[in-house]
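Results of the structural survey
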Amino acid sequence: MSGDNNDQNQFDLRSFQVLFDRSLDGMLFIEDGKFVKCNLAAAKMLGYDDTAYLLKAHPSKLSPLTQPDGVDSEKKADQLMQIALEKGQHSFEWLHQKVDGKAIWIEVSLTSIATDEHQLIHVTWHNIHAKKEAEAELLNSKTQMEEIIYNFPIAIVRAEIDNASVGYFNQQFHNLFGWRLEEINTMEKWFTKAYPDPNYRNHIITEWGKVIEHTHKLGLVTAPYAVPSNVTCQDGKIKICEVWYHSTAGNVFGIFHDITAQKSAEKKVKARTEELALANAAKDKFFSIIAHDLRGPIGSLSVIFNNMIKKSTDLDENLLEAVRKSTKNTYGLLEDLLTWSQNQKGEITVDPTDLSISRVIDGVFGVLRGSATHKKISLRMLGLENEFVFADFSMITTVARNLINNAIKFTAYGGVIEVSCLDKGHHIQITVTDNGVGISPERLSRLFNLGEKTHSTLGTSSESGTGLGLILSAEFVAKNGGMIGVESELGKGSRFWFTLPKGKEVHDLPAQDEGLLLSQLSKLRVLVAEDNPLHQETTASVLKELGVDFNMVQNGALAVQAAKSDHYDLVLMDIDMPELNGIEATDLLRQSPPRKKQVWILALSSYSKRELEGLAKNTPFEGYINKPLAKIDFLNQLRPLLLPTSK
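A brief structural summary. (Residues numbered from 1 in each chain as written. Predicted model: local features only at pLDDT ≥ 70, side-chain atom pairs only at ≥ 80, totals over all residues. Heavy atoms only, no water.)

Along the chain, K627 falls in the loop between β22 (623-626) and α19 (631-642). Among the residues examined, K627 registers a relative accessible area of 8% and is labelled buried. Of note is the side chain of K627, whose polar atom sits 2.8 Å from the side chain of D574. (Helix = DSSP H or I, 4+ residues; strand = E, 2+ residues; numbered from the N terminus. Buried < 20%, exposed > 50% of the residue type's maximum accessible area, 1.4 Å probe, protein only. Polar contact = N/O pair within 3.5 Å; in protein donor to acceptor, adjacent residues only side chain to side chain.)

Dropping the structure here:
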């Protein structure tokens, strides 16, 4: 038996030696803290050609001075060997150093072997450097990915399914909703705070349950599942979000895309679309009304003119007066319609300046005084002298003219119309009050509505209208930052008012200069180019009051002819005229002036100064006056021309 045991032992030793020599892993023995035996695989693992350098070496000599945890390699190696001796075995990862100085990660297994004569430690080395590099790369990628997710511009949250907790959310999630993780670290807290309405919360929880159900049915990963959601933020505001849920094993990721601005824009677009639809419907109705109002008088004129052709007899006075009124009303309607059309297309721009209310109303009174005098109506201004607004002169003149003209229409013979002002803080309220026929409540509610037939009541002298002037007035007041309104009672009269931003004081021409200026003005010969009878009348009235010698022509071609054939010092040039417009006529006069001394040309127009500058970029005017001509505007424009040295 003894021989058999020896043979078995010899066989075991030879087998172990073969395993020791041929193993791809490093095998070593340690005694008294030093390597006493090692295979070639261990030596080659560290880049050595043979085992000589490893023998009699302490493990720390084959390592960097310290391990990655900062502990001294020699001290730590002794501790780990002691653990193996005490417990019988021990495994760990160790950073070794190759012959070329490069570090290499090795998985080390220590096994204590005790004999009668020796206390050995058997060592196995397994090269895990590639694995550690892959782990480091994976960790780095994970870190980078976490950083990307944290700073991603879309809100992301991770919920853990098993314990129904909120494990993580990124910075954008916090920026969007304002919650801190400790405030919503469970799904119950999140649902309660983000969806405070119980009914809506139950709806969201139901959708959440579908996500969990999909996860269990489909396995580890589900396709993204979209849920629209109105999320309540920490500050109580509501964010409309499109939420995409994506689940993996044990986790659900929620991606919250804020579409609040988009939904708000969609809501505005929808509201605007509905407004435009209503506006278009109102315009369609409005145009049918305008067509009716034009068809009537034009048809009547056609009948009258046909009769005139057929009969050579003179028309009686009543018929001539009817023709005069009809053509005047039709012309006024067409003029208002053109102005309204330009405003709708954005062709009329607002050019606000500081204006004297009394100056505006005084100019309008000058235009309408004839109509008022015909009905023996008294026109009064109350408390306007020191009131100023910041508004577009042309637009506000149109508003005042429409309101005062309406008051004249609906005020009986011998009535009174008053224009007054009231300081409203940042605004001035201008009120036109009459003691006329008044307006019924039913018509009052539709007065400023486009497309409503509001002119069924004739004026006190059977004057008619379309209501377009009031619609235009409302639009012009709104463009200048004000409001318009009316109060009326049948049989007692009406009170139309509108507000405008308060302006700065505007100084009139200095008194000491006015006498000299009027003296110089009386020496001038003035040519007026104007095709509109109404503006011819108002311009002539101002020039006569100032004692100016003037002549009037009806178009641009006649203006050029008159200026070249006679000696004029000044031309007041309208812009929109037949034959030649004011710009074309001015260009011809500039190209071939009537005499050596060039004539002064002032633009007298309904266009704003900014609009005229756009139309007449290359046409120089000495000045610009807005219609209707007002005395103070005329004098202020002439002052630098006639008194160039005055200050």
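Attention now goes to the sheet that holds strand β15 (residues 427-434). Read from one edge of the open sheet, five strands run β12-β14-β15-β17-β16, paired in mixed fashion. Looking at the sheet topology across the chains shown, the edges are occupied by β12 (378-382) and β16 (484-489). Within this sheet the neighbouring strands show an average axis-to-axis angle of 15°, counted without direction. Across seven bridges, the pairing between strand β14 (residues 416-423) and β15 is antiparallel. In the sheet register, L422 faces β15, and the bridge partner there is Q429. Each of β14, β15 and β17 (493-501) touches helix α11 (residues 393-409); the most contacted strand, β17, lies at about 175° to it. (Pairing = 2+ DSSP bridges. Axes fitted to C-alpha atoms, helices over the stretch in contact; angles between N-to-C directions. Contact = heavy atoms within 4.5 Å.)

The full count for this structure, using the stated rule, is 16 salt bridges. For K132, the salt bridge is made with E93, and the minimal N-O distance between the two is 2.9 Å. Note that K132 is positioned in helix α4 (residues 129-151) and E93 in strand β3 (residues 89-97), a separation of 39 residues in sequence. Between D549 and R525 there is a salt bridge; the shortest N-O distance is 3.3 Å. One end of the pair, D549, is in strand β19 (residues 549-553); the other, R525, is in strand β18 (residues 525-529), and 24 residues separate them in sequence. You can call D549 partly exposed: its relative accessible area is 39%. (Salt bridge = Lys/Arg side-chain N within 4 Å of Asp/Glu carboxyl O.)

What follows deals with the environment of D50. Position of D50 among the secondary structure elements: in the loop between α2 (40-45) and α3 (73-87). Taking the C-alpha atoms as reference points, D50 and C38, 12 residues apart in sequence, are found 9.7 Å from one another. Excluding anything up to four places from it in sequence, D50 contacts L40 and A43.

This part covers the packing of aromatic side chains. Counting across every chain of the model gives 16 aromatic pairs. Seen from their ring centres, F20 and F29 are 6.0 Å apart, and the 25° between their planes marks the pair as stacked. Taken as a pair, F20 and F29 share a single burial class, namely buried. What links up through ring pairs into an aromatic cluster is the set F169, F173, F177, W190, F191, Y195, Y200, W208, Y245 and F256. The ring of W105 has K132 sitting right over it, with the charged end atom 4.6 Å from the ring centre. (Phe/Tyr/Trp six-rings, centres within 6.5 Å; stacked < 30°, edge-to-face > 60°. Lys NZ or Arg CZ within 6 Å of the ring centre and 35° of its normal.)

This is a description of form; function is not addressed.
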